[in-house]
Amino acid sequence: MQNGTRLAAVDLGSNSFRLEIGRYEHGQITRTDYLKETVRQGGGLDANRNLTPEAMQRGWDCLARFGERLAGFKPAQVRAVATQTLREARNRDAFLRRASELLGFPIDVVSGPEEARLIYQGVARLLPQSQERRLVVDVGGRSTELILGQEYAAHVTSSFRVGSVACSLKYFPEGLFTPQAFQMAEIAAQAVMDEAQITHDRQSWDVAYGASGTVGAVGDVLQALGWPEGLITREGLDDLVQRLIKAGSAERVRMDGLKPDRRAVIGGGVSVVRAVFDLLQIEEMQVAQGALRQGALYDLLDREQPETDVREATVGALSHKFAIDRHQAARVSSTAVALFRQVAPADEAIARDERTLRWAGQLHEIGCLIAHDYSHRHGAYILENTDAPGFALPELVQLAHLVRSQRGKPHKLALDLADDDALRPLVCLRLAILLCHARRDPRLDGIALRETGDGYVLAVPAAWRHQFPQSAHLLAEEAQAWQRCGITFALDEA
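Being a predicted model, the structure only gives us computed values, none of them experimental.

1. Looking at the overall build of the protein
Turning to step 1, where the next piece is worked out: What the protein contains, in helices and strands, is 20 helices and 14 strands.
Turning to step 2, where the next piece is worked out: Relative to the globule expectation of 23 Å for 494 residues, the C-alpha radius of gyration of the protein, 26 Å, shows essentially globular dimensions.
Turning to step 3, where the next piece is worked out: With the principal axes as the frame, the protein shows a C-alpha extent of 90 × 45 × 45 Å.
Turning to step 4, where the next piece is worked out: Split into buried and exposed, the 494 residues of the protein put 54% on the buried side.
Turning to step 5, where the next piece is worked out: Counting only contacts in the protein whose residues sit at least 6 apart along the sequence, the fraction spanning at least 24 positions is 69%.
Turning to step 6, where the next piece is worked out: For the protein, the distance from the average position of its 57 positive side-chain charges to the average position of its 64 negative side-chain charges is 2 Å.

Given below as structure tokens:
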């Protein structure tokens, strides 16, 4: 990446939406702009876990303003990430369609472990180089992430469905602060995160860091009350809780360092932080500067090169875990990409599709370890339900769709036949699997794929049909299958 390139990250959190813009210089990203708006989407989920129209509109209005600020940025310069509220929302697709249009860029809903990985990256990038073993805690609006790592590597990532907004709505519904409410909130939070006592036990880390809004807000208040700057202690938390109880309600809280938008959720936020302190035997926690949005910015850099793209390592790990025949995977993958390059126009979106197609070829037999019959369905299920570092949920859905659709009758696959960008990679993957059916490298000299107005033509050398009769037979069956969808597929033997 060239020095001086501007990069942007959008964090669609449960309490606030944030836009971070930075400039890349010699391996580092320096902030140039930062925008934050409190949208409180986490409090806008109804009893059926649907975002209310009001919550959606607040989000859309904010993203429209962010979109104006991002005018002129290229797709490779922007990463927008959505977290727990949109993981939960049943009507998230309706929100995201409009949201992406207003923002001008796609929005990735990430899994809890992937959110945790990005948080750790953001924190680690803004800390001095050190061999210390780190515990990073991020208390969000509807989830809390706990990460163990060292230097830039996150080793253990966990996400729990408890946060400041959800906790405040349930245990401080009228904004009233009582000893009983704090006790119940902390007990409930500990119950949700109970397994962290084992996965993040006190012997596995040296220094605890707190990231993002809730921890930052608590740290600001404690500092204003005279506690050490940038440090949260058990004694400080106890002091803060007593002051909140004395105030009696969120409306009556008046503390230096507490911003108005944090007042309504401070009770739940402090309760979750105290629960983490008790569970993990934390005596003090340093307030970190980095957070999810910084992690997303540096992830943009990592995605530029295969050797630094975490997703490449994830695909390799899945291949090993599910005992995939790596030679067959490699030949199918390379064949599919070779065909794809013959028909796809060159642009950034196509480059992303080619990368996904390559991964689909490498993982197309991932379901065979479960059973060869219906292995394509087993494979899709694995991909849709695995923790895959580096991948956003939409990326996994697209990958799973290709793996599921590698075989079977096209007219039964619920395909959008009018969407060339979705259809093109699938055609190339299915053709590659057919051409590699003998589990040896196919002869591709003289083979060319081209698009026509209503389908595809595969040109092959003269006498190819007689040299490879089984391949020709399989391609003829494939052509008939696509014909039932109204898509022509012809074999042109020159």
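There's plenty left to go through after this.
2. Side note on unusual backbone geometry
Turning to step 1, where the next piece is worked out: The backbone of Arg49 shows a phi angle near 60°, a positive value even though the residue is not glycine.
Turning to step 2, where the next piece is worked out: Residue placement: Arg49 occurs in the loop between β3 (28-38) and α1 (53-69).
Turning to step 3, where the next piece is worked out: Given a relative accessible area of 30%, Arg49 falls into the partly exposed group.
Turning to step 4, where the next piece is worked out: Unlike most non-glycine residues, Gln281 shows phi in positive territory, near 55°.
Turning to step 5, where the next piece is worked out: Within the element layout of this structure, Gln281 appears in the loop between α11 (266-280) and β11 (284-287).

3. Let's talk about the environment of Gln406
Turning to step 1, where the next piece is worked out: Considering the arrangement of structural elements, one finds Gln406 in the loop between α17 (393-404) and α18 (420-435).
Turning to step 2, where the next piece is worked out: Distance in space between the C-alpha atoms of Gln406 and Trp60 is 37 Å, their sequence separation being 346 residues.
Turning to step 3, where the next piece is worked out: With residues near it in sequence (within four places) discarded, Gln406 still touches His364, His376, Leu426, Leu429, Arg430 and Ile433.
Turning to step 4, where the next piece is worked out: Side-chain polar atoms of Gln406 contact the backbone oxygen of His364, separated by 2.8 Å.
Turning to step 5, where the next piece is worked out: Engagement of the side chain of Gln406 in a polar contact is seen with the backbone oxygen of Val403, the distance being 2.9 Å.

4. Brief notes about the UniProt feature "domain: Ppx/GppA phosphatase N-terminal" (unreviewed entry) in the protein
Turning to step 1, where the next piece is worked out: In the UniProt entry, the feature "domain: Ppx/GppA phosphatase N-terminal" (unreviewed entry) is given for residues 32-304.
Turning to step 2, where the next piece is worked out: The span residues 32-304 shows a helical share of 48% and a strand share of 18%, and its end C-alpha atoms are spaced 22 Å apart.

5. Topic: the packing of α1 against helix α3 (residues 92-103)
Each pair of packed helices can be summarised by the angle the axes make with each other and by the distance between the axes.
Turning to step 1, where the next piece is worked out: Interaxial distance between α1 and α3 falls to 8 Å at its minimum, and their mutual angle equals 20°. Put simply, α1 runs roughly parallel to α3. Where α1 crosses over α3, the two elements pack in a sense that is right-handed. Taken together, the residues of α3 that come into contact with α1 (itself represented by Met56, Gly59, Trp60, Leu63, Ala64, Phe66 and Gly67) are Ala94, Phe95, Arg98, Ala99, Leu102 and Leu103.
Turning to step 2, where the next piece is worked out: Per-class residue counts for the contact of α1 with α3 are ten nonpolar, two polar and one charged.

6. Concerning the sheet that holds strand β13 (residues 455-460)
Turning to step 1, where the next piece is worked out: Pairing is mixed across the open sheet formed by three strands, whose spatial order is β12-β13-β14. Only two strands of the sheet have a single neighbouring strand rather than two, namely β12 (448-451) and β14 (488-493). When strand polarity is set aside, the average angle formed by the axes of neighbouring strands in this sheet is 20°.
Turning to step 2, where the next piece is worked out: Where β13 lies against β14, six bridges are found, and the strand directions are parallel.

7. Remarks on the pattern of salt bridges
Turning to step 1, where the next piece is worked out: Evaluated as defined, the whole model comprises 33 salt bridges.
Turning to step 2, where the next piece is worked out: Residue Arg98 pairs with Glu101 through a salt bridge whose shortest N-O separation is 3.5 Å. Remark: Glu101 and Arg98 occur in helix α3; sequence separation between them is three residues, near one turn of the helix.
Turning to step 3, where the next piece is worked out: What makes Arg98 partly exposed here is its relative accessible area of 39%.
Turning to step 4, where the next piece is worked out: The salt bridge partner of Glu354 is Arg341, with a shortest N-O separation of 2.8 Å.

8. Observations concerning the sheet that holds β11
Turning to step 1, where the next piece is worked out: Overall, mixed pairing links the six strands, which are arranged β8-β7-β6-β9-β11-β10 in an open sheet. The sheet terminates laterally at β8 (153-160) and β10 (231-233), the two strands that pair on one side only. Strand-to-strand twist in this sheet, taken as the mean axis angle between neighbours without regard to direction, amounts to 25°.
Turning to step 2, where the next piece is worked out: The pairing of strand β6 (residues 133-139) with strand β7 (residues 144-150) spans seven bridges and is classified as antiparallel. Residue pairing across strands places Val139 opposite Thr144, the latter belonging to β7.

9. Some points on the domain arrangement of the protein
Turning to step 1, where the next piece is worked out: Assigned domains of the protein: these are domain 1 (5-108), domain 2 (113-291) and domain 3 (309-441).
Turning to step 2, where the next piece is worked out: Taking only C-alpha atoms, the centre of domain 2 and the centre of domain 3 are 40 Å apart.

10. Overview of the packing of α18 against helix α20 (residues 469-483)
Turning to step 1, where the next piece is worked out: Where α18 meets α20, the axes come as close as 10 Å, and the angle between the chain directions of the two elements is 155°. Put simply, α18 runs roughly antiparallel to α20. As α18 runs across α20, the sense of the crossing is right-handed. Touching Leu423, Leu426, Val427, Arg430, Leu431, Leu434 and Leu435 of α18 are Leu474, Leu475, Glu478 and Trp482, all from α20.
Turning to step 2, where the next piece is worked out: Looking at the contact of α18 with α20 residue by residue, the class counts come to nine nonpolar, no polar and two charged.

Conventions and cut-offs
Residues numbered from 1 in each chain as written. Predicted model: local features only at pLDDT ≥ 70, side-chain atom pairs only at ≥ 80, totals over all residues. Heavy atoms only, no water. Helix = DSSP H or I, 4+ residues; strand = E, 2+ residues; numbered from the N terminus. Rg over C-alpha atoms; globule rule 2.2 N^0.38 Å. Buried < 20%, exposed > 50% of the residue type's maximum accessible area, 1.4 Å probe, protein only. Contact = heavy atoms within 4.5 Å. Lys, Arg positive; Asp, Glu negative; His and termini not counted. Charge placed at Lys NZ, Arg CZ, Asp CG, Glu CD. Polar contact = N/O pair within 3.5 Å; in protein donor to acceptor, adjacent residues only side chain to side chain. UniProt positions renumbered as here; feature names shortened; annotations may be inferred. Axes fitted to C-alpha atoms, helices over the stretch in contact; angles between N-to-C directions. Parallel < 35°, antiparallel > 145°, perpendicular 65-115°, else oblique. Left-handed = near helix turned anticlockwise from the far one by under 90°. Nonpolar A, V, L, I, M, F, W, Y, C, P; charged D, E, K, R; others polar. Pairing = 2+ DSSP bridges. Salt bridge = Lys/Arg side-chain N within 4 Å of Asp/Glu carboxyl O. Domains from an automatic or database assignment.

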